[in-house]
Structure formats: C-alpha cells, structure tokens
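Listed here are the chains, written in short residue letters.
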Amino acid sequence: MARTLITGGLVITAAEEVPADVLVEDGRVAALALPGSQRWSADRVFDASGKYVVPGGVDAHTHMEMPFGGTRASDTFTTGTRAAAWGGTTTIVDFAVQSRGSSLRAGLDDWHAKADGNCAIDYAFHMIVSDVNEAVLREMPGLVGEGVTSFKLFMAYPGVFYSDDGQILRAMQQAADLGALTMVHAENGPAIDVLVEQALARGETDPRYHGEVRRALLEAEATHRAIQLARVAGAPLYVVHVSAREALAELAAARDLGLPVFGETCPQYLFLSTDNLAEPDFEGAKYVCSTPLRPKDHQDALWRGLRTDDLQVVSTDHCPFCFAGQKELGRGDFSKIPNGLPGVEHRMDLLHQAVVEGRISRRRWIELACAAPARMFGLHPRKGTIAPGADADLVIYDPHAVQTLSAATHHMNVDYSAYEGRTVTGRVETVLSRGEVVLDRGDYLGRPGHGTFLPRSTCQYL
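What this report covers is the structure whose coordinates are included nearby.

About the thresholds
- Residues numbered from 1 in each chain as written.
- Predicted model: local features only at pLDDT ≥ 70, side-chain atom pairs only at ≥ 80, totals over all residues.
- Heavy atoms only, no water.
- Helix = DSSP H or I, 4+ residues; strand = E, 2+ residues; numbered from the N terminus.
- Expected span 1.5 Å × (residues − 1).
- Buried < 20%, exposed > 50% of the residue type's maximum accessible area, 1.4 Å probe, protein only.
- Arc of directions from axis to C-beta.
- Contact = heavy atoms within 4.5 Å.
- Lys, Arg positive; Asp, Glu negative; His and termini not counted.
- Salt bridge = Lys/Arg side-chain N within 4 Å of Asp/Glu carboxyl O.
- Polar contact = N/O pair within 3.5 Å; in protein donor to acceptor, adjacent residues only side chain to side chain.

Let's talk about helix H8 (residues 245-256)
Under the 1.5 Å per step criterion, the end-to-end length of H8 is 16 Å for 12 residues, consistent within 8% with the ideal 16 Å. Listed as buried for H8 are Ala 247, Leu 248, Leu 251, Ala 252 and Ala 254. Down the axis of H8, the buried set is contained in an arc of 160°. They therefore lie on one face. Contacts from the buried residues of H8 go to helix H7 (216-233), strand E13 (237-239), strand E14 (261-265) and helix H11 (299-308). Note on H8: the residue one or two positions beyond its end, Gly 258, has a positive phi of about 85°.

Structure below.
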C-alpha cells in the first residue's frame, strides 16, 4: 500500500489539538511529528495547511435497508456508506434485525449478506432483539464471541419490536453476564398506541400529531423504567436517540448515582423541532421519526447534556424514506408514515457548526462524533483517534468553507433533505479509510467492498 503523508494541518483529537504531520503506512497511522521536523518520503502528500486533520467519524446508529411499515429504508449499504464517506464518517455500526419467530443468527446472517462486499467504509453490527425467549437468550453468547457486543430492545412498537418489562429484564441479565451493552429505545409503546387511536378517532391525522401523541413524559417514563430494570439486572444501559429534556433528566439523575448509564442524541433533535413536523401540505411527514422531534425549548437542555457528558454520543439514527411513495403512505393517517430521517452525511458538518456557534469545543466535537462512540462500542483505539497504530481513517476538514445543505447536492439515496437550505461553515475535503483515499476535493474515489466488518470488543467505559 502507498505511503501517505499529510502535512501542515491542525490535528484534533478528543484529547488534544496540535499542529502535526501525519505519516500513514500499511493502512495505519505510523507516526506524528511537528510540522517539517521529519524528512519523511511518501508516495502521496496532502497539504492540510489551514485545515484540520481529524479522525474519521464513527456513526454508531444507522439503519441501512431497514424494513419498516411495509417498506424499506431507501439507502442500501452501498449508497449509505458512500454518503457517510462524503460527510467524513468512516465507520458505521448498523442494526441487524431479528424477525419475530426467527433466531438472532438468521437476522445477523441476513445483515452480513446485505453488507458484505457492498460497503465503502468499515462497518459493525448491533443486534435488535425483538423476540426474547430461552432459545434467543442462549444465542447471545455466540454473537458476543463474534464481536456483536450490544443488543437493542424496544419499549415501543407493540406487535413489531416491543418487549415487555420481563423480557427486557431477562435480556439485560444475560447481557450483563456476557459483559455486553444493552441499548434501549425508551418510549411507552402501549400508552402511545392508546393516544394514537384516540387522535385518529378525533380526525387528527396530520404529521404534527405524530409528535403530540409520542409525549415527552412517555419517553421520560420509559427511560426511568429502563434505568431501574438495568439496576435490578446489574447491567449497563445505553439509551438511544434521547430527544426530551425530561428523559435527559432521568439519565443525569442515574449518572449522579454513579450508575453505568449512557445516552445518545441525534442532530435532528439539536437542529430541528415540532415546527418542522407542523409544516403544511404534508411536508411535515419528512420529519417523522421516533422518538419524535420536540419543541425548540428542549434543544438547550440537550446541548447542555452534551457539554456536561450526561449525553456521551451524537449518532444519526439514519433511516431514510423518500417523500414520494414512502412517506406518502401516511397521507390521511400519521401512524402509517414510515419513521426515520436521512442524516448520515451531515452529522460531522452540523456538529462543526455547533463549534462555530460556540456550543461545544473542537475537541468535544471529535469526542462526540468519533472517540466516544468508538470507546462505547469497543472500537477504540483502532477507530476514533489519530495515534500510531490506529487505522488511518483520517479527514482533512476545511473549517472555513461555507456550504448549503440540499437534496440537490447530497449523496444519500433520498429525495429530500431534512436540512434543506441550511447554511453551515465547514466541509470535508479529503477522506482516507484505512489509508485508502475515498474522497478528495470533490472527487469520489471509494468503491464498494473496501469496507470490512469489524468485530467489536465490549464497552470501554465499563
């Protein structure tokens, strides 16, 4: 493999910011040195003067080709990982799905078949457990042995993914014994179903009612319940896509007790709101996701949680459905709108915009987008940092470039942008994945099959 040198940039990791040259050999970071202090020879040299050199992003929550509501997420592993690379993300952790009545093995094998040979960047899997029984519990050790070390349970979607408290407790107990991390979608699904039925009976069918029935208190109640079940099981807990300040308060209270409880939020909860869900002419359907968008006054609490480390990770929950033919399935009945937003391409840029606006520091940007997800899900120090021996997943980032986000220019396989017309400062210029150039100054050089499956170790915060 070619020897690559990146010179003159400001290297930013979660730990430090330092001007440095970065030498890449055999797909890994070989060395860092003060600019110009070493006479390294290289086959390729990238001049990063005036730019940042940051680790490739780790998006720990994506749903490529996810079946939902009679349709399927519009990004394949081919299109979705290509779009991720355009946005400076070089690793995804996607969710393999156990179908009800089937085995974990069958679900995992299905996701391997979808991804193998199709990914432009490296990938790993979590396992969605939607049918907890004794046979499934016996399968969990084998998956952990293969590097699938996190299991997701749903307190929402009765009849589809939902598990009751007893099933969740059993799965948490088994995960705790294995050193695995339990992930929970925390919403009170049965109560939400009652509110959905009542809203539709009143003729409240527009997309904005999706947010009104999935109340913040029902996210908070489920978060509280998940924490207590995890305490009983002696299990660590990771709550996905936290959107409400009341749910964040439950996480903060648990962490104040010293409990191994973690949380992520997503860019849509930081930058979008119920104002988008209420857009007229069914446009609000573009913003239907679960947990739902909240009123704008929840955003300050989430930003504060990111600064205080009560929220540790920003992932995308990337699960795109086209407006035409997919989101439109819910015309006249908001409960039939496929739940999910596109976002894998814009996470790094949106979080950099938060740096520009003074909401977080540059190192916290890298912590939230790269280092913390890599540690949380057993990929560090191979991923999420720039250090000798780490994979050469590197991004040259122009902090001064201005861009306008739009469906006309994004690379996700979806016909709208959740951030249409939003101007942000900062843009990915060059992306390396294990030393191979995937993107350079607007030229996409990646290929399906470069990305490899990553067996993960267990959570490194425990």
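Comments concerning the environment of Ala 171
Mapped onto the elements, Ala 171 comes out in helix H4 (residues 165-178). The exposure class assigned to Ala 171 is buried, which follows from its relative accessible area of 3%. Each C-alpha atom of the pair Ala 171 and Gly 340 lies 26 Å from the other, and the pair is 169 residues apart in sequence. Other than its neighbours up to four places away in sequence, Ala 171 contacts Val 132, Leu 137, Met 140 and Leu 153.

Details of the side chain of Asp 59
Note that Asp 59 resides in strand E6 (residues 57-62). Arg 347 provides the closest opposite charge to the buried, unpaired Asp 59, separated from it by 4.3 Å. In terms of polar contacts, Asp 59 uses its side chain to reach the backbone amide nitrogen of His 61, at 3.2 Å. If we ignore the near neighbours within four places in the chain, the residues touching Asp 59 are Thr 89, Thr 91, Ile 92, Val 93, Ser 315, Thr 316, Val 344 and Arg 347.

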